[in-house]
Amino acid sequence: MTISSPKPTWHFTLFNITLLTLLSIWLWQQNQATAIIEPQLPDDGKLQCVSYSPYYQPGQTPLNPNTLIDSAQIDQDLTLLSKQFNCVRIYSVSQGLDYVPEAASKLGMQVYLGAWIGWVKALNDKELDLAIAVANKHPKTIKALIVGNEVLLRGEQTEAAMKAYLTKAKQATHVPVTYADVWEFWRKHPALEDSVDFVTVHILPYWEDNPQPIEHALDHASNVMNLLKDTFKKPILIGETGWPSVGRQRQGSQPGAINQALYMRGFLQLAHDKNWNYNLIEAIDQPWKRKLEGTVGGYWGIYNTNLTPKFLFNGDVKARADGLRPLLFGGLGALLFLGLSLYLNERRKSALIALASLGALFGISTLLQTEYLLTACQNRDEWLALGGVAVTGWIAIISIIWTVSKANANNLRLLQVCLTLLLLAAITLSMLLIIDGRYRDFSISLYALPAIQLSLGLYLLKQNVRPKLQLYYLLHVLLIVSAAYCLYLEPKNLLAALWLAISMLIAAGTWPKRQLSTH
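Predicted, not measured: the structure shown is a model, and the values here were computed from it.

### A few points about the overall build of the chain
So, point 1. Within the chain one finds 17 helices and ten strands.
So, point 2. Projected onto its principal axes, the C-alpha coordinates of the chain cover approximately 90 × 45 × 45 Å.
So, point 3. When each of the 519 residues of the chain is scored for burial, the buried share is 55%.
So, point 4. Of the contacts made within the chain by residues no fewer than 6 positions apart, 75% connect residues no fewer than 24 positions apart.
So, point 5. Summed over all atoms, the accessible surface of the chain reaches about 23,300 Å², with 61% contributed by carbon and sulfur.
So, point 6. Computed over 44 positive and 38 negative side-chain charges, the separation of the two mean positions in the chain equals 11 Å.

Encoded structure:
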């Protein structure tokens, strides 16, 4: 490591001002209103149907059999949804959801009643018996009884077993009976058509084996429906379709507020034009799904967990609505870095401007990182792992104040430790993305600023913190090869390309090499 007296910092100053300008332009663009198609809606403005799961409050999950949803919450939720939807679809009648038809009937709504079918026959029989009893009690409210949801996709029952459950339901009730699964599995099991009154398919362009970018998503839905109409003779209900607002990009399929509004509005117009029957997924964000499907699983709702709509079905839409938050966080960061610089007796104008702009970058980056951590972390281990990466980056960025004003052996050693920790964390993330990448995020916001500053920033400051250990060569090979393989797996994913770039910056900052004197 090279220790030297403070040097001119104008290059570093211009570098940080440029980064801050680019980040400000991006935030400004994200906060601009985007014009999106306004679909033709019925005269009452209400949509056909929406999936309703009441598990959006802390601790609520269908995975815990002891979870019981209070009837007052169901009344509250349906009162809200009845203003925008004529119907709700539920997936089970357990855990208090058998009350939904009664609550819906008071509001003039109808219900697609679901009976959850899983591995255990005894539980399936109990669930189906209750669903049949509820359907018979509310025949005018129940649009149909949906026996099983994606059971064949999960491999929990055979086609023969599903036929038996459907036959039992049809014999015991007078409401229409159907089964719901992704469209590919309906095509794999076309004989099930004989056991249902209509075919219920799920069309989710984001989750396709070949994920569809938003530009092609509606065409994909239309093509699938044309294919299904050639395959089946009975009516078809699109039982699930939608788009996530937050989460991992899959190939060219990118979650986001704008894309969610684009798909939902475009689909509604398409459904109007083609006279489709549909059910949107879903009414309210489901935090519990993040444990099963990663970050994206919790953000398919039209409403967030505080029951505020994410977008309307008319008017312009914004990707972000930051208000003054970036200015506040950026300003606080700039003041923090200026204060520490002055404490270290830094008086050079170029250095003060450089560190103030770095502080603003730090503040805004902290805002974006906090947003990411709140969406991505579900348990203590995730908070420790991802939070640890964020804290390591924070320590490194703040340490650059000393690097600029009063570099010493301890300061440069700390930067080297931070870089090494980021290197090891990045290798781990790349490996996880390769082994189990479907539900894992590219944590770009946690790594971007530290990687840039600890490589390019330190280079401009002519400070060398590269280690001498030859082991780092092996670590760099692991990082670059694994990051490149992530891009190979998802060549259409911009985040995969950014991740490779960040990995290369981390490697550049820690690449072993003979240290040259900067005197």
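### Topic: the pattern of salt bridges
So, point 1. Inspection of every chain in the model, using the stated rule, returns 14 salt bridges.
So, point 2. The salt bridge partner of aspartate 197 is lysine 170, with a shortest N-O separation of 3.7 Å. A residue pair is termed long-range when its members are at least 10 positions apart, and aspartate 197 in the loop between helix H7 (183–188) and strand S7 (199–202) and lysine 170 in helix H6 (residues 159–172) qualify at 27 residues.
So, point 3. Taking relative accessible area as the criterion, lysine 170 reaches 33% and is therefore assigned partly exposed.

### So, helix H15 (residues 444–460)
Residues separated by three or four positions in an α-helix point in the same direction, a consequence of the helix having 3.6 residues per turn.
So, point 1. Taking 1.5 Å as the rise per residue, H15 with 17 residues should run 24 Å; its terminal C-alpha atoms sit 23 Å apart, in good agreement.
So, point 2. By the largest-angle criterion, glutamine 453 marks the main kink of H15, which is about 30 degrees.
So, point 3. Ile444, Leu446, Tyr447, Leu449, Pro450, Ala451, Gln453, Leu454, Ser455, Gly457 and Leu458 are the residues of H15 that are buried.
So, point 4. Check the buried side of H15 and you find it contacts helix H1 (10–30), helix H12 (349–376), helix H13 (380–405), helix H14 (409–436) and helix H17 (494–510).
So, point 5. The first or second residue beyond H15 is lysine 462, which carries a positive phi of 55 degrees.

### Details of the pairing of strand S8 (residues 236–240)
For a regular strand, side-chain orientation follows a simple rule: the groups alternate between the two sheet faces.
So, point 1. Where burial is concerned, most of S8 is hidden: five out of the five residues are buried.
So, point 2. By the bridge criterion, four bridges tie S7 to S8 in an arrangement that is parallel. When the bridges of S8 are listed, valine 201 appears paired with isoleucine 238.
So, point 3. Regarding the hand of the β-α-β motif, the stretch spanning S7, helix H8 (residues 214–231) and S8 is right-handed.
So, point 4. As paired elements, S8 and strand S9 (residues 277–278) share two bridges and run parallel to each other. Each residue of the ladder has a partner; that of leucine 237, found in S9, is asparagine 277.
So, point 5. Traced from S8 through helix H9 (residues 257–274) to S9, the parallel crossover comes out right-handed.

Here is what the cut-offs are and how they apply
- Residues numbered from 1 in each chain as written.
- Predicted model: local features only at pLDDT ≥ 70, side-chain atom pairs only at ≥ 80, totals over all residues.
- Heavy atoms only, no water.
- Helix = DSSP H or I, 4+ residues; strand = E, 2+ residues; numbered from the N terminus.
- Buried < 20%, exposed > 50% of the residue type's maximum accessible area, 1.4 Å probe, protein only.
- Contact = heavy atoms within 4.5 Å.
- Areas by Shrake-Rupley, 256 points an atom, 1.4 Å probe, with all protein chains shown as cover.
- Lys, Arg positive; Asp, Glu negative; His and termini not counted.
- Charge placed at Lys NZ, Arg CZ, Asp CG, Glu CD.
- Salt bridge = Lys/Arg side-chain N within 4 Å of Asp/Glu carboxyl O.
- Expected span 1.5 Å × (residues − 1).
- Bend = angle between axes of the 7 residues up to and from the residue.
- Pairing = 2+ DSSP bridges.
- Right-handed = clockwise from strand over helix to strand, strands pointing away.

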